[in-house]
Amino acid sequence: MDTPPELEAAVDDRDDVTITKREYGDEQVIAVDFGPTGAKPSLDVVDGTAIVVVDGQQFEFDVPAGASDVTVNDGILTITN
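Residues numbered from 1 in each chain as written. Predicted model: local features only at pLDDT ≥ 70, side-chain atom pairs only at ≥ 80, totals over all residues. Heavy atoms only, no water.

### What about a negative patch on the surface?
Okay, step 1: Residues E8, D12, D13 and D15 make up a contiguous surface patch of negative charge.
Okay, step 2: For D15, the location among the structural elements is in the loop between α1 (5-11) and β1 (18-24).
Okay, step 3: For D15, a relative accessible area of 80% translates into the label exposed. (Patch = residues over 30% accessible without salt bridge, like charges linked within 9 Å, V, L, I, M, F, W, Y side chains within 5 Å. Areas by Shrake-Rupley, 256 points an atom, 1.4 Å probe, with all protein chains shown as cover. Salt bridge = Lys/Arg side-chain N within 4 Å of Asp/Glu carboxyl O. Lys, Arg positive; Asp, Glu negative; His and termini not counted. Charge placed at Lys NZ, Arg CZ, Asp CG, Glu CD. Helix = DSSP H or I, 4+ residues; strand = E, 2+ residues; numbered from the N terminus. Buried < 20%, exposed > 50% of the residue type's maximum accessible area, 1.4 Å probe, protein only.)

What follows is the structure in structure tokens.
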């Protein structure tokens with residue numbers, strides 16, 4: 001599973017956002033840490049598009065094919081397959 005290019009482009013110019021990709025056996029996880037914004041990200045998934053709003057900024061990206069879960073927990077967006 002690849003990191004959605006729209007998500008990479010949206011956070012590319014921000015030094016406080018970190019995207020990490022991990023593999024655990026058969027499971028792949030993409031984690032996006034929005035840094036110390038003080039605001040908790042919110043997440044909506046509509047028709048295969050994820051919409052994340054954090055600290056007044058909105059990020060939209062297509063949920064990767066094969067993703068089984070897209071969640072936000074403790075300020076970290078996680079995409080799992």
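Read on for the rest.
### Examining the pattern of salt bridges
Okay, step 1: Counting across every chain of the model gives one salt bridge.
Okay, step 2: Residues D2 and K21 are paired through a salt bridge, measuring 3.9 Å at the closest nitrogen-oxygen approach. Of the two residues, D2 sits in the segment before α1 while K21 sits in strand β1, which places them 19 residues apart along the sequence.
Okay, step 3: Since its relative accessible area comes to 61%, D2 is described here as exposed.

### Thoughts on the pairing of strand β4 (residues 49-54)
Okay, step 1: In β4, alternate side chains face the same way, and those of A50, V52 and V54 are buried while those of T49, I51 and V53 on the opposite face are not.
Okay, step 2: Here strand β3 (residues 42-46) pairs with β4 via five bridges, running antiparallel. When the sheet's bridge partners are listed, V46 is paired in β4 with T49.
Okay, step 3: What sits between β3 and β4 in their antiparallel hairpin is a turn of two residues, with D47 showing a positive phi close to 50°.
Okay, step 4: Where β4 meets strand β5 (residues 57-62), six bridges bridge the pair, whose relative direction is antiparallel. Residue A50 lies in a different strand from β5, and its bridge partner there is F61.
Okay, step 5: Count of turn residues in the β4/β5 antiparallel hairpin: two residues, of which D55 carries a positive phi of about 50°. (Pairing = 2+ DSSP bridges.)

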